Amino acid sequence: MGNPDQPRDPDGKWKKGKLTAGVLAAGTVSAFAMGNAGGGAAASGGGAGAGGVAAESAGLPGNLTARTNRAKKSAGKGKPNEAWRDLNVRKLKDPAKKALNCAVNSYGQVRDFFLRNPCNSLDRQLFTLADTTGNIFVVSVSWVRMRDRGDVDDLKTLIDTDGTGSVAPLGFPVLKSQGVRFTGIPFDSRPKGNLLVVAEGAVASGKPDPALMDAAVKVAVELPG
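This one's a predicted model, so the numbers in the text were calculated from it and none came from an experiment.

Caption draft 1: Here's a closer look at empty space enclosed by the protein. Per the stated rule, a full pass over the model turns up two cavities of 30 Å³ or more. By volume, the second largest cavity amounts to about 40 Å³. Every residue lining the second largest cavity is listed: Ser140, Ser142, Ser166, Val167, Pro169, Val198, Ala199 and Glu200. Broken down by secondary-structure element, the contributors of at least two residues to the lining of the second largest cavity are strand S5 (136-146), strand S6 (165-167) and strand S8 (195-205). In terms of residue count, S8 provides more of the lining of the second largest cavity than any other element does, three residues in total. Its residues assigned to classes, the lining of the second largest cavity shows four nonpolar, three polar and one charged.

Caption draft 2: Structural context of the nonpolar core. Within the largest apolar cluster, 25 residues are counted, with the highest numbers of intra-cluster contacts made by Trp84, Leu87, Leu129, Phe137, Val139 and Val141. With seven residues, helix H9 (residues 210-220) is the single largest residue contributor to this core. Beyond its immediate stretch of four places on either side in the chain, Val141 contacts Asp123, Arg124, Gln125, Phe127, Val197, Val198, Ala199 and Ala220. Membership of the second largest hydrophobic core comes to 18 residues, among which are Met1, Val110, Leu155 and Phe187.

Caption draft 3: Here's a closer look at the packing of aromatic side chains. For the coordinates displayed, the defined rule picks out two aromatic pairs. Arranged with centres 5.3 Å apart and planes meeting at 65 degrees, the rings of Trp84 and Phe127 form a pair that is edge-to-face. Residue Trp84 is located in helix H5 (residues 80-87), and its partner Phe127 is located in strand S4 (residues 119-130); the two are separated by 43 residues in the primary sequence. Both residues of the pair, Trp84 and Phe127, belong to the buried class. Considering the side-chain rings of Phe113 and Phe114, the 5.9 Å spacing of their centres and the 75 degrees angle between planes classify their relative orientation as edge-to-face. Among the residues examined, Phe114 registers a relative accessible area of 3% and is labelled buried.

Definitions and limits used
- Residues numbered from 1 in each chain as written.
- Predicted model: local features only at pLDDT ≥ 70, side-chain atom pairs only at ≥ 80, totals over all residues.
- Heavy atoms only, no water.
- 1 Å grid on protein atoms, 1.4 Å probe; cavity = no way out; pocket = protein on both sides within 12 Å on 5 of 7 lines; lining within 4 Å.
- Points joined across faces, edges and corners; volume = space filled by probe spheres on them.
- Helix = DSSP H or I, 4+ residues; strand = E, 2+ residues; numbered from the N terminus.
- Nonpolar A, V, L, I, M, F, W, Y, C, P; charged D, E, K, R; others polar.
- Core = buried A, V, L, I, M, F, W, Y, C linked by side-chain atoms within 4.5 Å.
- Buried < 20%, exposed > 50% of the residue type's maximum accessible area, 1.4 Å probe, protein only.
- Contact = heavy atoms within 4.5 Å.
- Phe/Tyr/Trp six-rings, centres within 6.5 Å; stacked < 30°, edge-to-face > 60°.

As structure tokens, this is what we get:
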């Protein structure tokens, strides 16, 4: 686990430590997160606005734990749109991309691990989510499929350790240029067979509830990919 924007030592090694989450300027948020809001909202079920999400979820328990548990079940069934509605957040955008080389899409010690132990495939997706009051955050999800199931446990141990690096979020250069910072909090990973799912959240704009962001990451890591 780590931040791809962490400062480097003169010899190019990654320093340990976390950076403070950055915040996008209002205009940048409009360009980055809201650009495809119409399409994303439609995919989420009718393009409901923030108030619409609350109305859709009015029958759900108000307790975040209960909503998270329900959302995790939906995610586990491969229904992300339903999961986000269960959690009472609105999906604005969710680009996805496949890759074969994990090393070129990672950094730090995790990159070194992939150079020694190449993965079979890498799928990445970036969810841009809004809460009911308009605060926006992103959740990066990576599905890393290894050639050997034994490598998954070693990868999880490494990637769960602070300062060791990680898989770079999809679209990281754009996120970085717009002030989004992945600090390693919230973060979660889930192994299953020869697959490791890695999820991490970051603030995009406003002041989203850290507990809600943590819940979203816990939901995302249940997605089967």
